[in-house]
Structures are given as structure tokens and as C-alpha cells.
Amino acid sequence: EYPGDVLAALRKVTVPSALIQSLLANGATKAVTFEPADQIAGLPLPHPCDFEWRFTRATATAVLTRVCDCTKPGEAILLVGMPSLVVAAMNSDINRHWNVLGTDDIVWSVLKELTSGDTRFSHDAPRPVRPATAAIVDPPWYPSAYIELFHAFVGSCAIGAQIFVGVPPAGARPNAAVDVQRMIETGTDFGLAFRSIERSALRYRSPAFELAALAEAGLLAHLPEWRR
């Protein structure tokens, strides 16, 4: 649940218990100031209008491990719009070719510069020479956005490729379950076969603009990676 909503719900309790009083006190205590290092060293901070959510270091490592387990050395893996995974792959010695689809902004300009000397990476190739045998995509959770991304990456994958897609959790909004079902149906329309859902598999870094918004709402506790 969104921390601001939790705070609002706790404040509505007319006779708060000792536990609720403790939670309210903790939430109003400024534990740690925000540091840009809480994001990704070497990359610009996400712009508030971009609504960019970056994986934590542990999540990025775990996801790369998963895709490497279902691919072979030298095969291509497609990374769609996830700076944290590009950085994690760049800092690893994994023997895979990384096909990267990004956006036209300062973050991806920096990523292209950082990976320019690494022959494992290719950026924004419309139809890469080596079709990907696995892909990771974490699209915005709105139909127009994820349909556009499916159009962009499905044709770059080999037959039988495994596709990992980030989807909204149950508490993200009232119709989250319906949205997930629609995303599955969209994948099916593009020729994919649904396999399974893993809950709470992805943990995100809280961007600076979200921490600032929570502080403005009175939640001063430091929550660097609350979102799954």
C-alpha cells in the first residue's frame, strides 16, 4: 500500500492503540536525509515527469540471474526501458549480448556513453542481428503504454524466448487485478503464452520526487525501497 495512504488511515483512528501511536511517531521522525546515491551512481536522477522506477541493486542482480538461467552464453537478452538492469549488466562479467531499448532522454544518453566501449551492448536496434532468447520489460501500467512496448520488442525475440514482465501489485489501485489480466491478454494477442505470476518479486528504489511528496504529506521516515 502507498505509505501516504497508510498514514492517512492511521490518523483516522479515533482511539489509537499503543502500536498505532508508535507508528505515527516513527513516521513523523526524519531518520535519514535523501541521498542521490540511493538511486544509481553515475546516472542522472529520474525526472518527476518521467515516472521512472528503478530496481534496487538486489532486485537487479536477481533478475539478471533469472534470465541467465534460461539462456546460454553468447545469446542475446533484450532489456526494455530499465536503466538499473543496464547498469547491473554493465558491471557484471555475464557472457550475454544485451539488446537495449531505451528512451530519448538524458538518462539513456548517459547509459549509451557508459556502455559505448562494451561490445556486449547494442542500443535501439529495430531488428537486432541476434534475436533475443529472453527479454525483460517493466512497462508503465497503462494499456496505451504497454501495448506500445509490446509492439516495440516482441518482434526482436526468438521463437520460444522467455519474457519477464513487471505488472502492478494488488494494492497499486482498485482495478489492478483487471489491469494484470488485460496485460496477459495483450501478450497473448502478440503470440506469447502465459506461464505464471510471481508476487512481490520486484523491489523498487523510491525516487527523490516520491520521497519529497511523502515528506510533504507528513511522512518523514526514510523509505528508500518500500515499493514491490
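Please read all numbers here as calculations on a predicted model, not as lab measurements.

A. Quick look at the sheet that holds strand S4 (residues 132-137). Strand order across the open sheet formed by five strands is S3-S2-S1-S4-S5, with parallel pairing between neighbours. Of all strands in the sheet, those bounded by a partner on one side alone are strand S3 (121-123) and strand S5 (157-165). Direction aside, the axes of adjacent strands within the sheet are offset by 20 degrees on average. Here strand S1 (residues 76-80) pairs with S4 via five bridges, running parallel. Bridge pairing in S4 places Ala 76 opposite Ala 132.

B. Molecular detail of the packing of aromatic side chains. Per the stated rule, a full pass over the model turns up six aromatic pairs. Pairing Tyr 2 with Trp 226 gives two aromatic rings, centres 5.8 Å apart and planes at 70 degrees, and the pair type is edge-to-face. Of this pair, Tyr 2 sits in the segment before helix H1 (3-11) while Trp 226 sits in the segment after helix H8 (208-216); the two residues are 224 residues apart in sequence, bridging distant segments of the chain. The exposure class of Tyr 2 is partly exposed, given its relative accessible area of 31%. According to the relative accessible area criterion, Trp 226 is partly exposed, its value standing at 22%. Judged by centre distance (6.5 Å) and plane angle (25 degrees), the rings of Trp 98 and Phe 121 are stacked. Of the two residues, Trp 98 sits in strand S2 (residues 97-101) while Phe 121 sits in strand S3, which places them 23 residues apart along the sequence. Take Trp 98 and Phe 121: they sit in the same class, and that class is buried. Above the ring of Tyr 142, the side-chain terminus of Arg 173 is found at 4.8 Å from the ring centroid. The positively charged end of Arg 227 is found above the aromatic ring belonging to Trp 53, 4.2 Å away from the centroid.

C. Spotlight on the nonpolar core. The biggest cluster of nonpolar side chains holds 40 residues, and the ones touching the most others in it are Leu 64, Leu 78, Leu 85, Trp 98 and Phe 153. When residues of this core are traced back to their parent elements, those giving at least two are helix H3 (57-69), S1, helix H4 (83-90), S2, helix H5 (106-114), S4, helix H6 (143-153) and S5. Not counting chain neighbours up to four residues away, the residues in contact with Leu 64 comprise Leu 85, Ala 88, Ala 89, Ile 94 and Trp 98.

D. Highlighting the packing of H6 against helix H7 (residues 176-189). One can describe the packing of H6 onto H7 by two numbers: an axis separation of 11 Å at closest approach and a directional angle of 25 degrees. With respect to H7, the axis of H6 lies roughly parallel. In terms of crossing hand, the pair formed by H6 and H7 is right-handed. Here Tyr 146, Ile 147 and Phe 150 of H6 lie close against H7, whose contacting residues are Asp 179, Arg 182, Met 183, Thr 186 and Gly 187. A breakdown of the residues in the contact of H6 with H7 according to their chemical character gives four nonpolar, two polar and two charged.

E. How the structure looks around the packing of H3 against H4. For the pair H3 and H4, the least separation of the axes is 9 Å and the interaxial angle reads 70 degrees. Classed by the angle they form, the pair H3 and H4 counts as roughly perpendicular. Contacts between H3 and H4 pair Ala 60, Val 63 and Leu 64 from the former with Ser 84, Leu 85, Ala 88 and Ala 89 from the latter. Broken down by class, the residue content of the contact of H3 with H4 amounts to six nonpolar, one polar and no charged.

F. Here's a closer look at H1. For H1, the complete set of buried residues consists of Pro 3, Gly 4, Leu 7 and Leu 10. In a view along the axis of H1, the buried residues occupy a sector of 125 degrees, so they form one face of it. Looking at the packing, one finds that the buried side of H1 touches helix H2 (18-27) and H8.

G. Broad picture of the environment of His 151. In this fold, His 151 is placed in helix H6. In this structure, the C-alpha to C-alpha distance between His 151 and Thr 56, residues 95 residues apart in sequence, is 27 Å.

Cut-offs and rules
- Along each chain, residue indices are assigned from 1 in the same order as the chain's sequence is written.
- Note on the predicted model: pLDDT of at least 70 is required for a residue's local features to be given, and 80 or more for side-chain atom pairs to be given and counted; whole-chain, interface and lining totals, by contrast, use all residues.
- For side-chain calculations, the full set of non-hydrogen atoms in the structure is used, while hydrogens and water are omitted.
- Any two strands are treated as partners once DSSP identifies two or more bridges connecting them.
- To qualify as a helix, a DSSP run of H or I must reach at least 4 residues; to qualify as a strand, a run of E must reach at least 2; elements of each kind are numbered from the N terminus.
- Every axis corresponds to a line fitted to the C-alpha atoms, with the helix fit spanning only the stretch in contact, and the corresponding angles, defined between N-to-C directions, vary from 0 to 180 degrees.
- When the centres of two rings from Phe, Tyr and Trp lie within 6.5 Å, Trp using its six-membered ring, the rings pair. Their planes under 30 degrees apart give stacked, over 60 give edge-to-face, and anything left gives tilted.
- Think of it in three bands: with a 1.4 Å probe and only protein chains considered, a residue is buried below 20% of the maximum accessible area for its type, exposed above 50%, and partly exposed in between.
- Our definition puts a charge over a ring when NZ of Lys or CZ of Arg is within 6 Å of the ring centre and also within 35 degrees of the ring normal.
- Nonpolar core, defined: a set of buried Ala, Val, Leu, Ile, Met, Phe, Trp, Tyr and Cys residues in which side-chain atoms within 4.5 Å join the residues together.
- Residue contacts are counted whenever heavy atoms from the two residues lie within 4.5 Å of one another.
- Each angle is binned into one of four classes, with values under 35 degrees roughly parallel, values over 145 roughly antiparallel, values of 65 to 115 roughly perpendicular, and all other values oblique.
- By definition, turning the near helix anticlockwise from the far helix through less than a right angle yields a left-handed crossing, and turning it clockwise yields a right-handed one.
- The nonpolar class holds Ala, Val, Leu, Ile, Met, Phe, Trp, Tyr, Cys and Pro. Asp, Glu, Lys and Arg form the charged class, and all remaining residues, Gly among them, are polar.
- Throughout, the arc means the angular range of directions from the helix axis out to the C-beta atoms.

Keep in mind these numbers describe shape, not what the thing actually does.
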